[in-house]
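Survey of secondary and tertiary structure
Spelled out, the chains give:
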Amino acid sequence: LTCHRPVLVEKPIPIEFDMGNLCAFDTNPLDPTTYSNSLEGCLNDAARDCAQALINQVLTTLPMKSASDGVYVELPDPVTPLPREKPLPRAKEPTKWFLFAKKKGIKSKTKDGKLVYDEEKGEWVPKWGYKGKNKDSEGDWIVEVDGKREEKDDDKNPRVLSREERKDRIKKNERQMKKNEKR
Amino acid sequence: MIRTAKPRNARSKRALEAREPKLVENRKSTLFLSGTSTSDLSRSAMTDIHSLKKPDAIKFTKKNSIHPFEDATPLEFFSSKNDASFLVFASHSKKRPHNLTFARTFDHRILDMLELGIDESTFRPLTFFKTSKPGIGMKPLLSFSGAIFDSVPDYQLFKSMFLDFFRGETVNSINVEGLQYMIHFSASEPTEKGPTPAIHMRVHLIKTLKSGQKLPRVEVEEMGPRMDFKVRRVQEPDEAMMKEALKKPRASEARSRKNIETDIIGDKIGRIHTGRQDLSKMQSRKMKGLKRRPTEDTDGEVTPVDGDEDNGAKKARLA
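Bear in mind the structure is a predicted one, so any value in this text is a computation, not a measurement.

A closer look at the overall build of chain A
Along its length, chain A carries 5 helices and 6 strands. Secondary structure elements of chain A, listed N to C terminal, follow the sequence β-β-α-α-β-β-α-β-β-α-α. A compact globule built from 183 residues should have a C-alpha radius of gyration of about 16 Å, whereas chain A, at 37 Å, is more than 25% larger. Counting only C-alpha atoms and orienting by the principal axes, one finds that chain A spans roughly 105 × 40 × 35 Å. Expressed as a percentage of its 183 residues, the buried residues of chain A come to 25%. A sequence separation of at least 24 residues applies to 42% of the contacts in chain A between residues at least 6 apart. With the model as given, the accessible surface of chain A reaches about 14000 Å², and the carbon-plus-sulfur share is 53%. The averaged location of the 33 negative side-chain charges in chain A is 7 Å from the averaged location of its 37 positive side-chain charges.

Dropping the structure here:
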């Protein structure tokens with residue numbers, strides 16, 4: 001008759017629980033006589049008691065929710081302090097530009113979009129990238145020679161200068177982004 | 001620390017980001033590997049534990065010449081390459097037969113290590129128990145029987161390590177159907193003759209039966225594996241590292257609501273702080289009869305007044 005079998009677990013030292021980890025800590029010592037006579041029986045009894053205590057704890061103390069795919073119990077936060085596997089994430093330091101922009105009140109221009117109205121052509125052209133407006137001066141058939149540079153006697157072809165300046169700017173930007181990553 | 005190549009596409013970038021430290025961490029992954037010589041028993045034990053830890057487990061097949069307690073750097077290397085924070089190393093030698101070394105890492109550096117010897121005579125693998133096995137990735141119930149797990153430092157480390165090892169994912173809610181099995185660790189009390197008692201690990205399936213009462217009758221059926229451990233060498237964690245590993249993020253601290261308490265009955269009681277009252281300006285019940293009147297008696301005798309005067313006035317109003 002199953003109705004005679006006890007469902008409560010009474011122990012001299014009450015069992016402690018960490019329901020967040022579904023764990024029971026039973027500090028009662030194992031019965032020495034059964035331990036030496038029938039080890040598996042002794043351990044089986046201890047295990048059954050712990051299991052019963054845990055199920056009782058789940059059904060009595062934890063709030064239950066009925067969902068379409070079964071009954072759920074809400075678990076509390078774990079109590080036992082256990083070490084993390086990785087250190088806590090460090091907050092990213094704001095970059096020099098970010099602080100400067102915040103101070104000056106400069107806002108990002110990404111919302112304006114990539115297209116710019118070109119008066120001459122009378123249509124919207126991209127500001128940068130493929131067929132961008134910033135590359136127009138690089139294809140000019142007439143290039144103004146800078147007087148000062150002629151005097152310095154640079155070997156560089158004045159036609160290529162504009163393109164080189166743009167490439168240098170790009171490289172500088174990449175260098176600064178790498179520096180920011182390291183911080 | 002091995003720095004991986006910069007991600008070349010979005011998929012590898014996502015994989016790298018998954019490995020970064022986070023506020024709420026991923027499930028801890030375990031790496032299983034063998035030493036230069038292993039016994040059938042130690043390999044079988046490792047396979048069984050590996051099946052309990054699926055899907056968060058990686059198993060290496062090759063033999064590795066590693067001696068964890070002498071130099072654990074290869075373990076740290078494996079940990080960082082495979083993003084595994086637990087390592088289980090199986091080995092066998094004459095001095096330490098059927099040996100399993102459990103290691104925990106923090107930031108891919110060894111936090112603590114525990115060397116356990118499996119008792120040959122009592123070991124029973126998963127295949128020995130002809131029962132159904134629980135689904136992969138189920139969260140187990142855990143229990144520790146015996147006072148030694150709170151008193152002796154080595155056993156306290158065992159408890160912490162194995163609680164962390166087997167607990168699985170930390171979830172907010174769980175389906176009752178998912179409470180399928182329980183892993184039970186027990187040890188007898190330390191005595192003069194036996195200061196380091198064996199730790200018994202038994203894994204049971206949970207069966208609930210009708211009891212005629214609200215709570216069910218719980219029965220356990222052993223499903224394996226069955227292992228008895230003898231604690232061998234232990235490497236305690238470095239205090240500073242452990243302290244950092246136990247740090248909790250500030251955001252997760254529950255904001256304590258001040259001035260609100262729940263008394264023993266369960267009623268919520270709040271405390272409202274009002275300012276100080278200026279008693280001189282307080283409106284009180286006026287007892288016209290008690291008002292100071294210029295009397296004929298100059299020695300300050302107060303003329304007795306009929307106290308019912310006020311009540312009479314009140315009664316008149318009520319009527």
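From this point on, the discussion continues.
A closer look at the sheet that holds strand S7 (residues 173–175) of chain B
The 3 strands are arranged S3(A)-S4(A)-S7(B) in an open sheet whose pairing can be described as antiparallel. The sheet is open, and its two borders are formed by strand S3 (64–67) of chain A together with S7 of chain B, each paired with just one other strand. The average undirected angle you get between the axes of adjacent strands in this sheet is 30°. Pairing analysis gives 4 bridges linking S3 of chain A to strand S4 (residues 70–74) of chain A, with the strands arranged antiparallel. Following the sheet pairing, Met64 of chain A is matched in S4 of chain A by Val73 of chain A.

Examining a nonpolar patch on the surface
Taken together, the side chains of Trp97, Phe100 and Ile106 of chain A make up a nonpolar region of the molecular surface, amounting to roughly 310 Å² of accessible area. Its location among the elements puts Trp97 of chain A in helix H3 (residues 96–104).

Quick notes on the UniProt feature "domain: Brix" (unreviewed entry) in chain B
The feature "domain: Brix" (unreviewed entry), as annotated in UniProt, sits at residues 28–240 of chain B in this numbering. Within the segment residues 28–240 of chain B, helix and strand shares are 21% and 36% respectively, and the terminal C-alpha atoms sit 21 Å apart.

As for empty space enclosed by the protein
One pass over the structure, following the stated rule, counts 1 cavity of 30 Å³ or more. Estimated volume of the largest cavity: approximately 30 Å³. Lining the largest cavity are Phe25, Asp26 and Thr27 of chain A together with Phe144, Gly146, Phe149, Asp150 and Lys159 of chain B. Contributions of two or more residues to the lining of the largest cavity are made by strand S2 (23–26) of chain A together with helix H4 (148–151) of chain B.

Observations regarding the pairing of strand S6 (residues 123–126) of chain A
In this structure, strand S5 (residues 115–118) of chain A lies alongside S6 of chain A, joined through 4 bridges in antiparallel fashion. Bridge pairing in S6 of chain A places Val116 of chain A opposite Val125 of chain A.

Notes on the packing of aromatic side chains
Considering all chains together, one arrives at 22 aromatic pairs over all chains under this definition. Arranged with centres 5.1 Å apart and planes meeting at 85°, the rings of Phe128 of chain B and Phe129 of chain B form a pair that is edge-to-face. Overall, Phe128 of chain B belongs to the partly exposed group, its relative accessible area being 45%. Take Phe129 of chain B: its relative accessible area is 9%, and that puts it in the buried class. Ring geometry for Phe165 of chain B and Phe166 of chain B: centres 4.9 Å apart, planes at 85°, overall edge-to-face. The exposure classification of Phe165 of chain B matches that of Phe166 of chain B, with both residues buried. Each residue in the set Phe25 of chain A together with Phe86, Phe102, Phe144, Phe149, Tyr155, Phe158, Phe162, Phe165, Phe166, Phe185 and Phe229 of chain B is aromatic and connected to the rest through ring pairs, giving one cluster. A cation over a ring is seen here: Lys114 of chain A above Trp128 of chain A, with NZ or CZ 4.4 Å from the ring centre.

Thoughts on the confidence of the model for chain B
Residue and element names in this part refer to chain B. Taken as a whole, chain B shows an average pLDDT of 85; of its residues, 89% reach a score of 70 or greater. Per-residue pLDDT stays below 50 along residues 305–316; that stretch engages in 6 contacts with residues further than four places along the chain or on separate chains. Scoring the predicted complex yields pTM 0.74 and, for the interface, ipTM 0.73.

Topic: the state of the cysteines
Residues and elements named next belong to chain A. A complete count under the given rule lists 0 disulfides over all chains for this structure. Of the cysteine sulfurs around Cys23, a residue in no disulfide, the closest is that of Cys50, at 9.0 Å. Judged by its relative accessible area of 0%, Cys50 is buried.

Points about a positive patch on the surface
All names here are of chain A. A contiguous patch of positive charge, built from Lys96, Arg163, Lys167, Lys171, Lys172, Arg175 and Lys179, is present on the exposed surface. The greatest single-element share of the positive patch, amounting to 6 residues, is contributed by helix H5 (residues 161–182). Mapped onto the elements, Lys171 comes out in helix H5. We classify Lys171 as exposed; its relative accessible area is 53%.

Let's talk about the pairing of strand S5 (residues 109–118) of chain B
Within a regular strand, the side chains alternate between the two sheet faces. Residue and element names in this part refer to chain B. With 9 of its 10 residues buried, S5 lies for the most part within the structure. Remark: 2 residues form the turn of the hairpin made by strand S4 (residues 99–106) and S5, two consecutive strands paired antiparallel; Asp107 in that turn has positive phi of roughly 55°. Direction of pairing for S5 relative to strand S11 (residues 227–235): antiparallel, over a ladder of 5 bridges. For Ile118, the partnering residue across the bridge sits in S11 and is Phe229.

Structural notes on the interface of chain A and chain B
Contacts between the two partners involve 52 residues from chain A and, on the opposite side, 71 residues from chain B. With both chains or domains summed, chain A and chain B bury close to 5400 Å², and 62% of this area falls on carbon and sulfur atoms. Secondary-structure elements contributing two or more residues to the side of chain A that touches chain B are S2, helix H2 (39–61) and S4 of chain A. Among the elements that take part in the side of chain A that touches chain B, H2 of chain A stands out by supplying 16 residues, more than any other. Looking at chain direction, S2 of chain A and strand S6 (residues 141–145) of chain B are connected through 4 bridges and run parallel. Within S6 of chain B, the residue paired with Ala24 of chain A across the bridge is Ser143 of chain B.

Digging into the layout of surface pockets
In this structure, the second largest pocket occupies an estimated 990 Å³ of space. As for the second largest pocket, its lining consists of 34 residues, of which Pro78 of chain A together with Val24, Glu25, Arg167 and Thr170 of chain B are closest to the centre. Its residues assigned to classes, the lining of the second largest pocket shows 14 nonpolar, 7 polar and 13 charged.

A word on the pattern of salt bridges
By the definition in use, this model includes 25 salt bridges over all chains. One salt bridge connects Arg27 of chain B with Asp56 of chain B, and the closest N-O pair in it is separated by 2.9 Å. Of this pair, Arg27 of chain B sits in the loop between helix H1 (10–18) and strand S1 (30–34) while Asp56 of chain B sits in the loop between helix H2 (40–53) and strand S2 (57–63), and the two are 29 residues apart along the sequence. Classification of Arg27 of chain B as partly exposed rests on a relative accessible area of 38%. Salt bridges linked by common partners bring Glu40 of chain A together with Arg202, Glu222, Arg226 and Asp228 of chain B together as one network.

Analysis parameters
Residues numbered from 1 in each chain as written. Chains lettered and ligands numbered in written order. Predicted model: local features only at pLDDT ≥ 70, side-chain atom pairs only at ≥ 80, totals over all residues. Heavy atoms only, no water. Helix = DSSP H or I, 4+ residues; strand = E, 2+ residues; numbered from the N terminus. Rg over C-alpha atoms; globule rule 2.2 N^0.38 Å. Buried < 20%, exposed > 50% of the residue type's maximum accessible area, 1.4 Å probe, protein only. Contact = heavy atoms within 4.5 Å. Areas by Shrake-Rupley, 256 points an atom, 1.4 Å probe, with all protein chains shown as cover. Lys, Arg positive; Asp, Glu negative; His and termini not counted. Charge placed at Lys NZ, Arg CZ, Asp CG, Glu CD. Pairing = 2+ DSSP bridges. Axes fitted to C-alpha atoms, helices over the stretch in contact; angles between N-to-C directions. Patch = residues over 30% accessible without salt bridge, like charges linked within 9 Å, V, L, I, M, F, W, Y side chains within 5 Å. Salt bridge = Lys/Arg side-chain N within 4 Å of Asp/Glu carboxyl O. UniProt positions renumbered as here; feature names shortened; annotations may be inferred. 1 Å grid on protein atoms, 1.4 Å probe; cavity = no way out; pocket = protein on both sides within 12 Å on 5 of 7 lines; lining within 4 Å. Points joined across faces, edges and corners; volume = space filled by probe spheres on them. Phe/Tyr/Trp six-rings, centres within 6.5 Å; stacked < 30°, edge-to-face > 60°. Lys NZ or Arg CZ within 6 Å of the ring centre and 35° of its normal. pLDDT = per-residue confidence, 0-100. Disulfide = S-S within 2.5 Å. Buried area = accessible area lost by both parts, 1.4 Å probe. Nonpolar A, V, L, I, M, F, W, Y, C, P; charged D, E, K, R; others polar.

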